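A look at the structure
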Amino acid sequence: MAKFSKNDDSLVVIIGSGAGGGVLGMELAMKGIKTVVLEAGGRHGPQDFVNDEWASFGQISWLDQRTTSGDWRVSRDFSGLPSWIVKAVGGSTLHWAGASLRFQPHEWKVKTNYGNIKNTSIMDWPIDHKEMDKWYTRAENHMGTLGTGGRERLPGNNNYKVFEAGAKRMGYKNFHTGNMSINSKPYDGRVACQQIGFCFQGCKSGAKWSAGYVSIPKGEATGNLECRTNAQVIKIEHDKSGKVTGVVYADAKGKQQRQKARVVCVAGNSIESPRLLLNSESSMFKNGLANSSGEVGKNYMRHMTASTYAIFENPVYFYRGTTMAGIVTDESINDPKRGFVGGYELETLALGLPFMAAFLDPGQWGRGFASSMERYDHMAGLWIVGEDMPQSTNAVTLHKKLKDQHGMPIPNVNFSDHENDIKMRNHAWKQSTALYKSVGATKVLQTPPYPSTHNLGTNRMSASAKDGVCNRNGQTWDIKNLFISDGSQFTTGAAENPTLTIVALAMRQAEFIAKQMSSKAI
Amino acid sequence: MRLLNKSTISRRTFLKTGTVTALGLTIMGPMIIGKDKSWAATFSNIGADDAATLIQMARDIYPHDFLADKYYAKVIQGYDSAAGKDKALKSMISKECKKINSAAKKKYKNNYRMINREVERVDILKSNTKSPLFAKVRGDLVTGLYNNKEVWPKFGYEGESASKGGYLNRGYNDIDWLDKV
Ligand SMILES: Cc1cc2nc3c(=O)[nH]c(=O)nc-3n(C[C@H](O)[C@H](O)[C@H](O)COP(=O)(O)OP(=O)(O)OC[C@H]3O[C@@H](n4cnc5c(N)ncnc54)[C@H](O)[C@@H]3O)c2cc1C
Ligand code: SF4
């Protein structure tokens, strides 16, 4: 494994080792480019993952303090936990369920397709589906995505079977066990899924793809990648010409270190990435790095989400087998006749008893709540994920007073639903309630959004410098050797779970960075 | 389908007498003895009276008739040890218990934990949901009760599965009633 000097200014330094940063690091290393990934968390893997929801949360989740505001219910029910993401090698791809969907062609160009939607900052992406096609294929092959590349999908578990029976009764046409990046057969040196059912807690068999134990080790094997753990970046530094020169990070003991760099790529997830740019303000960049547009931290998206849990007369044991075990895609089209633009996916989901108690209906108590919990083993359930509207007031900002353990201002996440989000959620609740009632549900619960697992858009890609933070390659408009490499570069969110797109963009960006470096443009 | 057996049996160990509350808890000095005499606990910091109030409150917040009092009492035992070091907590508990009891006496002529009818106790709780004590007990129960591995089988939750080979051969897809609905 490589180990590079902190004074080596020929390196690419990537901040964060998740879907974006981990894959970018692997790709650059494979192209022979010396790369250091600085990761705030430690290293965990199948050997030490635990099948225990709260214990796993304590082991790998990002627990540094955050605050939240806005009219969303998360800010009331989970005031210190606006989002649920990971602090460890592999980032949130340790927690992730594995659903890997391509954007639909029209979702790259929503302004063109939806028109001007009031009170949004909606834009077209500066790239399109044709250009992304080959990168998607490459990402799917790396992740072993099922239902693509001739890879057979998983068999359905009990939760899926209930869902499928309901989907048929509803007249839905497009449903299956999902394009999961989980092995249905041994692939890439990893085993097939054992239907353990703790996918969110890090897959103990390694059947599920994760940047942490798949991409990063592949990069390390080349000898060109160093993944330095417990290295939390606090500030990105620049020279008089405005080029970035390196980063300052706190090491495991909290001691500050300086790592020099030729290129810096920010991939800390959509809350930490803008926080870092904002905290790197200087006399030259008074509003933070790469922020001449004023868009850093703005347009925060989290997908329109919600869940539906249904109780049946007979047992389901929905927690047995893959956490997310199937999808209906019929509702993901853009059909404004439904009263909103954009669409949503229905994806089965199961929580363990401890998380169900916390998330089913936060704050509720008494006989009604208890009676639902007593039917835990008779439940089936699904998660709703749809396109939400970017709004410039939904934003990550630095807290005016509170600081973290390294003296860095903590982030505040402000979020309120757009009218379109609310209409879409109500439609999705109505449809999914009907789906479960059609197969005999005796009680259906409409569960509000969890802390955000999909965090997007806070350093968005734009066609012109005044509208966003980075260009079509994720290169910041203001600083040519500074890149955005994670979900924060999303212009809009589409209805699909974001990770496949983050990975495809990272692969595409690696090629761009390599070319720019070899032509000495950066 | 592979069905789970949800019933478990508690052992009887204690045989003593004293004041009996609505829950059937016996209070003797700082000690509370469970009604099936399968458990007992000492509350030397917050006192058995307030502890019994809190145990009753815990059950009224998440009333699962198939759970013995000891599962609720466990959460409150945690408060007793915390109150030993945390004066603010200790005085908050005592102040808020007094408040609840005076509301209960005013409306139902009895201390909260001595009211026999659940609807009446819940009525008192409903007008008290803003109190810091209520918020604390409810919030702590979410993990204190539902994250207690001993209660999982009673809800039909099997917990850890990797060491058993997952559910691949243990019923991940054994649902057998769908064609009948
Ligand atoms: C429970 C759950 C289920 C999910 N399921 C799915 C799914 O089925 N399909 C899907 O597409 N997506 C899913 N997601 C979302 C997916 O995990 C994320 O969208 C994706 O991982 C985001 O990639 P990223 O590169 O932006 O950030 P991350 O993967 O979160 O990586 C960011 C990394 O940067 C590190 N970091 C942050 N700040 C710093 C700093 N200052 N210095 C050093 N390191 C830093 C973090 O510790 C972290 O390791 C799920 C997420 C969760 C939590
Ligand atoms: S169900 Fe499959 S993917 Fe999920 S944790 Fe188990 S083996 Fe891994």
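Look up a bit, the structure's there.
Criteria and thresholds
- Residues numbered from 1 in each chain as written.
- Chains lettered and ligands numbered in written order.
- Predicted model: local features only at pLDDT ≥ 70, side-chain atom pairs only at ≥ 80, totals over all residues.
- Heavy atoms only, no water.
- Near = heavy atom within 4 Å.
- Polar contact = N/O pair within 3.5 Å; in protein donor to acceptor, adjacent residues only side chain to side chain.
- Areas by Shrake-Rupley, 256 points an atom, 1.4 Å probe, with all protein chains shown as cover.
- 1 Å grid on protein atoms, 1.4 Å probe; cavity = no way out; pocket = protein on both sides within 12 Å on 5 of 7 lines; lining within 4 Å.
- Sits in = over half its atoms within 2 Å of the grid points.
- Helix = DSSP H or I, 4+ residues; strand = E, 2+ residues; numbered from the N terminus.
- Nonpolar A, V, L, I, M, F, W, Y, C, P; charged D, E, K, R; others polar.
- Salt bridge = Lys/Arg side-chain N within 4 Å of Asp/Glu carboxyl O.
- Buried < 20%, exposed > 50% of the residue type's maximum accessible area, 1.4 Å probe, protein only.
- Pairing = 2+ DSSP bridges.
- Axes fitted to C-alpha atoms, helices over the stretch in contact; angles between N-to-C directions.
- Contact = heavy atoms within 4.5 Å.
- Buried area = accessible area lost by both parts, 1.4 Å probe.
- Core = buried A, V, L, I, M, F, W, Y, C linked by side-chain atoms within 4.5 Å.
- Right-handed = clockwise from strand over helix to strand, strands pointing away.

**So, the site of ligand 1**
Residue and element names in this part refer to chain A.
- Inspection of the region around ligand 1 gives 38 residues, with E39, S92, A99, N269 and T499 positioned closest.
- One of the backbone N or O atoms of A19 is found 3.2 Å from an oxygen atom in ligand 1.
- At 3.0 Å from an oxygen atom of ligand 1 is found a main-chain nitrogen or oxygen belonging to A88.
- In the complex, 98% of the free accessible area of ligand 1, which totals 1000 Å², lies under the protein chains.
- Comparing atom positions with the cavity grids shows ligand 1 to sit within the largest cavity.
- Those elements that place two or more of their residues in the shell around ligand 1 are α1 (19-30), β6 (232-238), α8 (269-279) and α12 (499-518).
- Split by residue class, the shell around ligand 1 holds 17 nonpolar, 17 polar and 4 charged.

**A short note on the pattern of salt bridges**
Residues and elements named next belong to chain A.
- This structure, assessed with the given rule, holds 40 salt bridges over all chains.
- Of the charged contacts in the structure, one is a salt bridge between D188 and K218, with a shortest N-O distance of 2.9 Å. Taken as a pair, D188 in the loop between β4 (175-176) and α7 (211-221) and K218 in helix α7 lie far apart in primary sequence, 30 residues in all.
- According to the relative accessible area criterion, D188 is partly exposed, its value standing at 36%.
- Residue K218 is classed as partly exposed on the basis of its relative accessible area of 25%.

**Observations regarding the site of ligand 2**
- Near ligand 2, the surroundings consist of I182, C193, Q194, Q195, I196, G197, F198, C199, C203, S205, K208 and T322 of chain A.
- For the shell around ligand 2, a count of residues per class yields 6 nonpolar, 5 polar and 1 charged.

**What about the sheet that holds β6 of chain A?**
Residue and element names in this part refer to chain A.
- Spatial ordering of the open sheet is given by β6-β7-β8, a layout of 3 strands whose pairing is antiparallel. Each edge of the open sheet carries a strand with a single partner, namely β6 and β8 (256-260). Strand-to-strand twist across the sheet, computed as the mean angle between neighbouring axes with direction ignored, equals 25°.
- Of the pairings in the sheet, the one linking strand β7 (residues 244-250) to β8 comprises 5 bridges and is antiparallel in character. Counterpart to A250 in the pairing with β8 is Q256.

**Re the side chain of T433 of chain A**
Residue and element names in this part refer to chain A.
- Within the secondary structure, T433 sits in helix α11 (residues 419-437).
- Taking relative accessible area as the criterion, T433 reaches 14% and is therefore assigned buried.
- Reaching out from T433, the side chain makes a polar contact with the backbone oxygen of W429 at a distance of 2.6 Å.
- Those residues within four positions of T433 in sequence are excluded, and the remaining contacts are T308, V444 and Q446.

**Section: the interface of chain A and chain B**
- Contacts between the two partners involve 44 residues from chain A, matched on the other side by 46 residues from chain B.
- Between chain A and chain B, the buried area comes to about 3800 Å², and carbon and sulfur atoms account for 61% of it.
- Of all residues in chain A, R320, W365 and R367 of chain A give up the largest surface area on contact with chain B, accounting jointly for 20% of the area buried on that side.
- Linking chain A with chain B are 6 salt bridges.

**A few points about the nonpolar core**
- Counting residues in each nonpolar core, the largest one holds 214 residues, and the members touching the most others are I236, F312, Y436 and L482 of chain A together with I32, L54 and I55 of chain B.
- With 12 residues, α12 of chain A is the largest single contributor of residues to this core.
- Ignoring anything within four residues of it in the chain, the contact list for L482 of chain A reads I236, V244, V264, V266, L277, L289, A290, G474, Q475 and T476 of chain A.
- Core analysis: the second largest hydrophobic core is formed by 6 residues, V110, Y114, I117 and I122 of chain A among them.

**Quick word on the pairing of strand β1 (residues 12-15) of chain A**
Residues and elements named next belong to chain A.
- Burial along β1 is two-sided: V12 and I14 facing one way and V13 and I15 facing the other are all buried.
- Examined bridge by bridge, β1 and strand β2 (residues 35-38) share 4 bridges and lie parallel to one another. Note on β2: the bridge partner recorded for V13 is V36.
- Where the polypeptide runs from β1 across α1 and back to β2, its parallel neighbour, the crossover connection is right-handed.

Distances and angles like these do not, on their own, reveal function.
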